[in-house]
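# Inside the fold
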Amino acid sequence: MKKVALWSVAEVSRWLNEEGMQEYSEPFRNVDGHALLQLSQTDFQRPPLSLVSSDGGQQLLERVETLRIEHHIEAHKNGHANGHAVRETDSLTSSVAGGDGGASGAGKTGKRNGMVNGFHKDLVQIPMPEPTRTQFPAEWGKTAVALFYAICCFVSTTIMISVVHERVPSKEESPPLPDKFFDFFDRVEWAFSICEVNGIILVCLWLLQWTLLKYKSIVGRRFFFIVGTLYLYRCITMYVTTLPVPGMHFKCSPKLFGDWEAQMRRVMKMIAGGGLTITGSHSMCGDYLYSGHTVMLTLTYLFIKEYSPKRFWWYHWACWLLCAVGIFCILLAHDHYTIDVVVAYFITTRLFWWYHTMANQQVLKEPSPSNFFSRAWWHRFFYYLEENIQGIVPRNYQVPYLWRPWQWGHVKYTRIDSE
């Protein structure tokens, strides 16, 4: 095996690929074997290495320490072999050159300068790196729990829509409430379809982006928890306050007056259609406070922006435009009151920001008298999901596992700046 100190730049790059640390290939493009062995913790405290990994380079440093041990063993072994050869050569030389003294010296071969059989008896202490737990464990079981929670909240909200629909007053008895936006903008019939198309595009973009994330299990359970909690809040608000329809154009399904079997069929139809009007699955009224469409438009944009490279500004602006146009079209279609949209935007953004602030600060995860975030009713569930996550989750991407057979055995990683 070639000595590590003699590795070329290409051999260092090949070693990084074999160790599954391809994200370091770019900053190490001019690093050879000797420079690799000189790597230390301080190198990861300044760019460009400080931008590659949020774990301070611990995983790479452990592998480099292993290389140092192997290099030390190889050098130690070669040093003993060469030293033994030199001593025997010196012994023979002195025997020939010394004449009679050489004859007497020839008999003195029992000791070789403190060495037994040509080797030192001293023990060599080789430090072995302690195995450390990864900062970002996958924990797919917790992701499954968060998914189950989100599904339960979504189903509960759909059932509540069916319940609230039965008590919505008719538009003849309770006309739409006055709304300033409706005073300034006349209704556009096709606007709500634009909103739902934009929402579908954003959801598809987010799902595609999520499949490419390296830490998709962590990000996935964050999304499931937040969207589930938002729909749980919506389930409560629409039940406690039932608003009249926002416009006379609404054509609500007939009331079933306690026919639970028919109501369950209606609920299943709505779930199958994703709660969208363009699929023909949503024809019930009463789910106004607050807007579920605004929740999905805002939340998908926030996750897309948070977990994508900051240099993709054009991608962020395109998604923001889809979100903004979709929200404006909700109001333009007169399918929600302005207060529905405002409350939905406020609750969605605050819950997203609070959750990620707590997740990124270790001190805010621990319950304490000075940590008011720990008084939230969902803090125990949050702590269960985030207790083993150490630090900010990097924006690292990789080829999904199911796509790897088409990559001819090569997996490529992309380094993403986390600043």
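Let us look at the structure shown here. Source: prediction; values computed, not measured.

## Considering the packing of aromatic side chains
For any pair of aromatic rings, geometry is given as the distance between the ring centres together with the angle between the planes. For the structure on display, the rule yields 28 aromatic pairs. Between the aromatic rings of Phe-154 and Tyr-231, the centroid separation amounts to 5.8 Å while the plane-to-plane angle is 70°, which identifies the pairing as edge-to-face. You can see Phe-154 sitting in helix 5 (residues 140-165) and its partner Tyr-231 sitting in helix 8 (residues 216-240), a full 77 residues away along the chain. Since its relative accessible area comes to 11%, Tyr-231 is described here as buried. Residues Phe-225 and Trp-378 carry aromatic rings whose centres are separated by 5.6 Å and whose planes lie at 65° to one another, so their mutual orientation is edge-to-face. With Phe-225 in helix 8 and Trp-378 in the loop between helix 13 (362-365) and helix 14 (379-386), this pair connects stretches of sequence that are 153 residues apart. This pair shows no difference in class: Phe-225 is buried, exactly as Trp-378 is. Above the plane of the ring of Tyr-384 lies Lys-142, whose end atom (NZ or CZ) is 5.0 Å from the centre. In this structure, Arg-167 packs its charged tip against the face of Tyr-239, placed 4.7 Å from the ring centre.

## Here's the deal with the nonpolar core
Nonpolar side chains in soluble globular proteins tend to end up buried together. Of all hydrophobic cores here, the largest spans 65 residues; its most connected members are Trp-206, Ile-226, Leu-299, Phe-303 and Tyr-355. Listed by contribution, the elements that provide at least two residues to this core are helix 5, helix 6 (180-184), helix 7 (191-212), helix 8, helix 10 (292-306), helix 11 (313-332), helix 12 (338-360) and helix 14. Considering every element that reaches this core, the biggest residue donor is helix 8, with ten residues. Those residues within four positions of Ile-226 in sequence are excluded, and the remaining contacts are Leu-299, Phe-303, Leu-351, Phe-352, Tyr-355 and His-356.

## Focus on helix 10
The terminal C-alpha atoms of helix 10, which comprises 15 residues, lie 21 Å apart, in line with the 21 Å expected from a rise of 1.5 Å per residue. Burial analysis of helix 10 places twelve of its 15 residues in the buried class, the great majority of the element. Those residues of helix 10 that sit buried are Gly-292, His-293, Thr-294, Val-295, Leu-297, Thr-298, Leu-299, Thr-300, Tyr-301, Leu-302, Phe-303 and Ile-304. Those residues of helix 10 that are buried lie in contact with helix 7, helix 8, helix 11 and helix 12. Looking at where helix 10 begins, the residue whose side-chain oxygen comes 3.5 Å from the main-chain nitrogen of His-293 is Ser-291.

Cut-off values and rules
- Residues numbered from 1 in each chain as written.
- Predicted model: local features only at pLDDT ≥ 70, side-chain atom pairs only at ≥ 80, totals over all residues.
- Heavy atoms only, no water.
- Phe/Tyr/Trp six-rings, centres within 6.5 Å; stacked < 30°, edge-to-face > 60°.
- Helix = DSSP H or I, 4+ residues; strand = E, 2+ residues; numbered from the N terminus.
- Buried < 20%, exposed > 50% of the residue type's maximum accessible area, 1.4 Å probe, protein only.
- Lys NZ or Arg CZ within 6 Å of the ring centre and 35° of its normal.
- Core = buried A, V, L, I, M, F, W, Y, C linked by side-chain atoms within 4.5 Å.
- Contact = heavy atoms within 4.5 Å.
- Expected span 1.5 Å × (residues − 1).
- Polar contact = N/O pair within 3.5 Å; in protein donor to acceptor, adjacent residues only side chain to side chain.

All quantities given are derived from atomic positions and should not be read as evidence of function.
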